[in-house]
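Structural overview
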Amino acid sequence: MPEQTIFVVDDDPAVSRALASAGKLLGLPVIAFTSALEFLRTDSRFQPGCLVLDIKMPGLTGLELQQQLVGEGNALPIIMISGHADVGIAVEAMSHGAVSLLEKPFRLDELVAQIRRALERDMARRTANARRTEIDRRLAQVTAKEHEVLSMLVAGKTNKQIATDLHLSIRAVEDRRARLMKKMQVSSVAELVLLASRSGLIEA
Amino acid sequence: MSTTTYTQQEHADPAQPVGVRRMGGLANLSNHGASILALVIVAIVFTVDLWLPLGVASAIPYTFAVLVALKSRWRTLALRVAMLCCVLTIAKMVFFPDRGSTELWKVYANRGLAVFSIGMTAFLGLQRRRSEQERQRAEEITRVHLADLAHVGRLKTAGELATGLAHELNQPLAAISLQAEVATRLAQPPLDPGRDALLSSLQEITEQAQRAAAIMRTLRALVRKSEPKRAAVSLNDIVREVIRLMDSQAQRAGVVLHCQLAAEIPPVLGDRIQLGQVLVNLIQNAIEASVEASSSAVQIQTSLQHKDGVTISVCDAGVGLTAAESERVFERFYTTKPAGMGMGLAISRSIVEAHGGRLWAQPNLPCGAVFTLTLPLPKSEAP
């Protein structure tokens, strides 16, 4: 897993510098941007890490940047910071999936806790994504006929039932099942069902 | 982060009352100087008068002594000198009645005219001085009223700006608080690897505390009731200072303040707080007008005009003004805003006029309004 970075977007350089000092204390790299547009010009939003985002900025505001990221389907965890958090802003930020909203001036412990939480969330999200990609890769090798058998297996049918439904011999079904399990790199039907549920093939 | 300091020019002399300034040489006499000079003139005139026969109008120069005595601030000095002169005029006639070939009635007429001249000089001089003093007092009262009004206006403005300033203050506080905690962690042993980081955090704390203090100074300057001070001020500095103050308010309203400052602009003579107040007022109006018309830009420009001196214009594309309104907005208690008092622009115009300048409004094309204020250059700077 590549190293995680704390991205900071705040138009106030003093606040950015303070956040950078805090990041350094955690031993994590910090990259600061003075505007949302500057942040969007780089590929930082696709990197592992989290975003500490000031709400009130000239040009594109923090909330607008958040909405844009959500619109792009980018799930980089965001910690919002604000000078005067009124309830409306807080609700809007949280409803769009912000990790939390810190009101300036905030405590180091609070910040660190939220950054840790955000980074854990990022890590979990990336691990899940990677796993999902792997499953998809394996699924791509499965032929249509094997796929038929797979959906029936996860639906809980026995070999015999499948053979009857597909007008095949039990032997043929067993063959397909064996090939399927090899391609999916699993050793039991239980594992196969688990992968299928992760890939969204069935509702777990 | 620009912490502007302006201490340099704050000790320029306050404006002198106009009445005293114009008289030059004699006007600079102290009270003692005036009385001594008056007595010396009395002595000389008396000596000469004694030596000359009664036929000569040698008592008339006593009027000069009275004129000199009038320059003193002691009210009674001119009166006393005049009485002394009259007594000496008569005394010469009584005790040294040598009149040569002159007829007696001519001597009486001569002395009588002298006494009359002395008396009239004293009377008219005192009269004039009284009206002068009344005018000065009236000017003083106007000045104090304007200062009071300006102060009330500033208090109102400060109230409106308080939210923005509070936010502005929050930034350095956030930085300070975080850096201080980082420094605390870094200061715990083992210290060595964190030394540089610790020092930089501490330095940052100092800088941000200074920045917070500068914000407080701005607020205090706005609220403080101060004697208007005339000093050389740069309009560009005032614009920058005010923009710093109003930026967050503009941002909240979704308005961007565009600044176009003349590269080289000579300083004008003025009170920086009052001029700043005028500008705050104009920009605030422009922001409000813009919000109402969903426009998002306000232009602030400074420029050097060939003859008129220097100007600041505040330009918006907001709801705008009709030609008739553009003069009425400066009237007291005239307002187009639901919660307005109608004092802001009236006060602003009084302030600008007290600086010898002009403030006016025009419709902007295609929509909105332009407020322009012109201030004269100090005499030595005029082209």
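Keep in mind that this is a model prediction, so the values were computed, not measured. (Residues numbered from 1 in each chain as written. Chains lettered and ligands numbered in written order. Predicted model: local features only at pLDDT ≥ 70, side-chain atom pairs only at ≥ 80, totals over all residues. Heavy atoms only, no water.)

Residues and elements named next belong to chain A. Reading across from one edge, β2-β1-β3-β4-β5 is the order of the five strands in this open sheet, with parallel pairing throughout. Either end of the sheet is taken by a strand with one partner, and the two such strands are β2 (30-33) and β5 (100-103). Along the sheet, successive strands turn relative to each other by an average axial angle of 20°, direction set aside. Across four bridges, strand β1 (residues 5-9) lies against β2 in parallel orientation. Looking at the pairing, V8 lines up with A32 of β2. Along the sheet, helix α3 (residues 62-72) contacts β3 (49-54) and β4 (78-82); its crossing angle with β3, the most-contacted strand, is approximately 145°. (Pairing = 2+ DSSP bridges. Helix = DSSP H or I, 4+ residues; strand = E, 2+ residues; numbered from the N terminus. Axes fitted to C-alpha atoms, helices over the stretch in contact; angles between N-to-C directions. Contact = heavy atoms within 4.5 Å.)

This next bit is on the side chain of S290 of chain B. Residues and elements named next belong to chain B. In this fold, S290 is placed in helix α8 (residues 272-292). On the basis of relative accessible area, S290 is assigned to the buried category, the value being 0%. The contacts of S290, once residues within four sequence positions are left out, are V255, S295, A297, V298, D316 and G318. (Buried < 20%, exposed > 50% of the residue type's maximum accessible area, 1.4 Å probe, protein only.)

Another point: a nonpolar patch on the surface. A contiguous nonpolar surface patch, about 410 Å² in accessible area, is contributed by I36, L37, V40, I44 and V48 of chain B. With respect to the element layout, V40 of chain B can be found in helix α2 (residues 31-51). (Patch = residues over 30% accessible without salt bridge, like charges linked within 9 Å, V, L, I, M, F, W, Y side chains within 5 Å. Areas by Shrake-Rupley, 256 points an atom, 1.4 Å probe, with all protein chains shown as cover. Salt bridge = Lys/Arg side-chain N within 4 Å of Asp/Glu carboxyl O.)

With that settled, the discussion passes to the interface of chain B and chain A. Contact residues are listed per partner, giving 22 residues for chain B and 23 residues for chain A. Summed over both partners, the interface of chain B with chain A comes to about 1,900 Å²; 56% of that surface belongs to carbon and sulfur atoms. Counting the contacts that link chain B with chain A gives four salt bridges. Ionic pairing is found between R17 of chain A and E204 of chain B, a salt bridge with its closest N-O pair at 2.8 Å. Looking at the side of chain B that touches chain A, the elements that each hand over two or more residues are α5 (104-187), α6 (195-223) and α7 (235-252) of chain B. Take the side of chain B that touches chain A: its biggest share by element is 13 residues, from α5 of chain B. When the residues that make up the side of chain B that touches chain A are grouped by side-chain class, the tally is seven nonpolar, nine polar and six charged. (Buried area = accessible area lost by both parts, 1.4 Å probe. Nonpolar A, V, L, I, M, F, W, Y, C, P; charged D, E, K, R; others polar.)

Glancing now at the sheet that holds strand β2 (residues 256-260) of chain B. Paired through backbone hydrogen bonds, the strands of a sheet run either parallel or antiparallel to each other. Residues and elements named next belong to chain B. As summarised here, the arrangement of the five strands in space is β2-β4-β5-β7-β6, forming an open sheet in which the pairing is mixed. With partners counted over all chains shown, the strands left at the sheet margins are β2 and β6 (358-363), one partner each. Adjacent strand axes in the sheet meet at a mean angle of 15° when their direction is disregarded. Examined bridge by bridge, β2 and strand β4 (residues 297-305) share five bridges and lie parallel to one another. Within β4, the position partnered with Q260 by the bridge is Q301. Those strands touched by α7 are β2, β4, β5 (309-316) and β7 (369-375), and its axis lies near 170° from that of β2.

What follows is about the environment of L261 of chain B. Residues and elements named next belong to chain B. One can find L261 in the loop between β2 and β3 (268-270). In sequence terms L261 and Q301 are 40 residues apart; their C-alpha atoms lie 5.6 Å from each other. If we skip the residues at most four places from it in the chain, L261 touches N236, V239, R240 and T302.

All right, on to helix α4 (residues 75-95) of chain B then. The end-to-end C-alpha separation of α4 of chain B is 31 Å, in line with the 30 Å expected for 21 residues at 1.5 Å each. The set of residues buried in α4 of chain B consists of L77, A78, V81, A82, C85, C86, L88, T89, A91, K92 and M93 of chain B. (Expected span 1.5 Å × (residues − 1).)

Cis geometry is found at the peptide bond from K104 of chain A to P105 of chain A, where omega equals -10°. For P105 of chain A, the position within the fold is in the loop between β5 and α5 (108-140). For the bond running from L365 of chain B to P366 of chain B, omega is 0°, close enough to zero to count as cis. Mapped onto the secondary structure, P366 of chain B falls in the loop between β6 and β7.

As a further point, take the nonpolar core. Membership of the largest hydrophobic core comes to 52 residues, with the highest contact counts inside it found for M246, L257, I283, I300 and F371 of chain B. When residues no more than four places from it in sequence are discounted, the contact partners of L257 of chain B are I243, M246, D247, A250, I283, I287, V298 and I300 of chain B. (Core = buried A, V, L, I, M, F, W, Y, C linked by side-chain atoms within 4.5 Å.)

All names here are of chain B. Of note, L88 is situated in helix α4. For L88, a relative accessible area of 16% translates into the label buried. Placed 26 residues apart in sequence, L88 and Y62 show a C-alpha to C-alpha distance of 9.6 Å. With sequence-adjacent residues up to four places away left out, L88 is seen in contact with V42, F46 and Y62.

Applying the stated criterion to the full structure yields three aromatic pairs over all chains. Geometrically, the ring pair formed by F7 of chain A and F39 of chain A is edge-to-face, given 6.1 Å between the ring centres and 65° between the ring planes. Remark: F39 of chain A occurs in helix α2 (residues 36-41) and F7 of chain A occurs in strand β1; sequence separation between them is 32 residues. We note that F7 of chain A, like F39 of chain A, is buried. Taking the centre distance of 5.3 Å and the plane angle of 80° together, the rings of F33 of chain A and F39 of chain A count as edge-to-face. Each of the two residues, F33 of chain A as well as F39 of chain A, counts as buried. Over the ring of F330 of chain B we find R349 of chain B; its NZ or CZ atom is 3.9 Å from the centre of that ring. Cation over ring: R358 of chain B sits above W360 of chain B, and NZ or CZ is 4.4 Å from the ring centre. (Phe/Tyr/Trp six-rings, centres within 6.5 Å; stacked < 30°, edge-to-face > 60°. Lys NZ or Arg CZ within 6 Å of the ring centre and 35° of its normal.)

In an α-helix there are 3.6 residues to a turn, and that puts residues three or four apart on one side. All names here are of chain B. Buried residues dominate helix α10 (residues 344-354), accounting for eight of its eleven residues. For α10, every residue scored as buried is listed here: L345, A346, I347, S348, R349, S350, I351 and V352. Just past α10, the residue G356 takes up positive phi, approximately 80°.

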